[in-house]
Amino acid sequence: MPSIAVATNLKYASDCALLAKHLNLPICHDKNNHDNVDDCATFDLFLGYEDDDANGLQRLTLTDPSGNLGSSLYVDFIAGKVGHRHRFGGGRGQPLAKAIGLKGGANPTVIDATAGLGRDAFVIASLGAQVMLIERSPIIAALLEDGLGRASHDTELKTIVTERMNLVTANAIKWLTDLPTEKHPDVVYMDPMYPHRNKSALVKKEMRVLRELVGDDEDASQLLHAALGCAKRRVTVKRPRTAPILSGSILSNRKPNGAVESKNTRYDIYVP
Ligand SMILES: C[S@@+](CC[C@H](N)C(=O)[O-])C[C@H]1O[C@@H](n2cnc3c(N)ncnc32)[C@H](O)[C@@H]1O
């Protein structure tokens, strides 16, 4: 686990103090905001607030002071890749929608058990489904919550993020196992970290930061097992297109009932 701190600055000092307390992280001082004080570089990563010039809001970012992992990382549903996919992504015909079962007018309840930076959950919610997002890394969850908060100020996205997306910080294996039957969702979606993902520079950068923070999700087969005990209609597992299916003794040779493929990705579908 990398060392990580909250970088305070004069403008957002009280928010930084709250965040550091919430995440139980030390505070460091960023040289851009504190004359002659710069102790953030002694940490592997730091979280901090900065102005989001596009909408006048503040934005939580994760920065690697060495620059090895690329520039700052933050969640943005309004602009960039996710916003573009929302506007032009192909609607219910896109592979992710087919893999979730968003056929015709169906709006299943979905639990995204590996929320990460929330991109897949946002696509699913923007197509009409109710999505519960579960993320076990409190730092990733804080970035995601911040992105959802900013999107709630956007007139186009407000309904999607406030009425169809709910974030829980928890380990989904336990959370799904403890979920009462009457709350079982139609679909559980999962996209565990895969050791050898290698795509575009942007994805690579995000994946490298994510991996640095959360490691490889080596308990993914346990998560699939918990998901199969909970989903009413299907469990969808995202994998790199040529990766083997999830396996492990807990799954006792369970094979997917089908798959949806796209250029780089395969969605394995399990019917419980
Ligand atoms: C590859 S990322 C998911 C990316 C996500 N699909 C997106 O669109 O941004 C995997 C994430 O799942 C989280 N994760 C893995 N296993 C989990 C579990 N058992 N419970 C909750 N979160 C989990 C990791 O912490 C990591 O943030």
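See the structure shown above.
Regarding the site of the ligand
Here is step 1 of the chain: In the region of the ligand, 20 residues are neighbours, and Asp120, Glu135, Asn171, Ala172 and Asp191 sit closest.
Here is step 2 of the chain: Here a nitrogen atom of the ligand sits 2.9 Å away from a polar atom, N or O, in the side chain of Asn171.
Here is step 3 of the chain: At the level of elements, α4 (119-126), β6 (130-135), α7 (172-178) and α8 (201-214) are the ones that each hand at least two residues to the shell around the ligand.
Here is step 4 of the chain: Classifying every residue of the shell around the ligand by side-chain character gives ten nonpolar, four polar and six charged.

What to know about the sheet that holds strand β4 (residues 57-63)
Backbone-to-backbone hydrogen bonds pair the strands of a sheet. The strands run either parallel or antiparallel.
Here is step 1 of the chain: As summarised here, the arrangement of the four strands in space is β2-β1-β3-β4, forming an open sheet in which the pairing is mixed. Each edge of the open sheet carries a strand with a single partner, namely β2 (27-29) and β4. Here the average twist between neighbouring strands, direction ignored, is 35 degrees.
Here is step 2 of the chain: Bridging between strand β3 (residues 45-52) and β4 involves seven bridges; their strand directions are antiparallel. What sits directly across from Leu47, in β4, is Leu62.
Here is step 3 of the chain: Against the sheet, helix α5 (residues 138-151) touches β1 (4-8), β3 and β4, its axis set at about 155 degrees to β4.

Let's talk about the state of the cysteines
Formally, a disulfide is one covalent bond, and it connects the sulfur atom of one cysteine to the sulfur atom of another.
Here is step 1 of the chain: Scanning the model with the defined rule gives one disulfide in all.
Here is step 2 of the chain: In this model, Cys28 is linked to Cys40 through a disulfide, with the two sulfur atoms separated by 2.1 Å. Disulfide Cys28 to Cys40: torsion about the S-S bond roughly 95 degrees, handedness right-handed. Taken as a pair, Cys28 in strand β2 and Cys40 in the loop between β2 and β3 lie far apart in primary sequence, twelve residues in all.
Here is step 3 of the chain: Just so you know, Cys16 is unpaired, no disulfide at all, and the nearest cysteine sulfur is the one on Cys28, 9.1 Å from it.
Here is step 4 of the chain: According to the relative accessible area criterion, Cys16 is buried, its value standing at 0%.

Observations regarding unusual backbone geometry
Here is step 1 of the chain: In this structure, Ser252 takes a positive phi of about 30 degrees despite not being glycine.
Here is step 2 of the chain: Positionally, Ser252 belongs in the loop between β9 (234-240) and β10 (258-261).
Here is step 3 of the chain: Here Ser252 falls in the exposed class, since its relative accessible area comes to 60%.

As for helix α1 (residues 13-23)
Here is step 1 of the chain: Considered for burial, the residues of α1 that qualify are Cys16, Leu19, Ala20 and Leu23. Angularly, the buried residues of α1 cover 100 degrees about the axis, an arc narrow enough to put them on a single face. Across from the buried face of α1, at angles greater than 90 degrees, the exposed residues are Ser14, Leu18, Lys21 and His22.
Here is step 2 of the chain: Tucked into the core, α1 has its buried residues touching β1, β2, β3, β4 and α5.

The rules behind the values
- Residues numbered from 1 in each chain as written.
- Predicted model: local features only at pLDDT ≥ 70, side-chain atom pairs only at ≥ 80, totals over all residues.
- Heavy atoms only, no water.
- Near = heavy atom within 4 Å.
- Polar contact = N/O pair within 3.5 Å; in protein donor to acceptor, adjacent residues only side chain to side chain.
- Helix = DSSP H or I, 4+ residues; strand = E, 2+ residues; numbered from the N terminus.
- Nonpolar A, V, L, I, M, F, W, Y, C, P; charged D, E, K, R; others polar.
- Pairing = 2+ DSSP bridges.
- Axes fitted to C-alpha atoms, helices over the stretch in contact; angles between N-to-C directions.
- Contact = heavy atoms within 4.5 Å.
- Disulfide = S-S within 2.5 Å.
- Buried < 20%, exposed > 50% of the residue type's maximum accessible area, 1.4 Å probe, protein only.
- Arc of directions from axis to C-beta.

Just distances and angles here, no functional claims.
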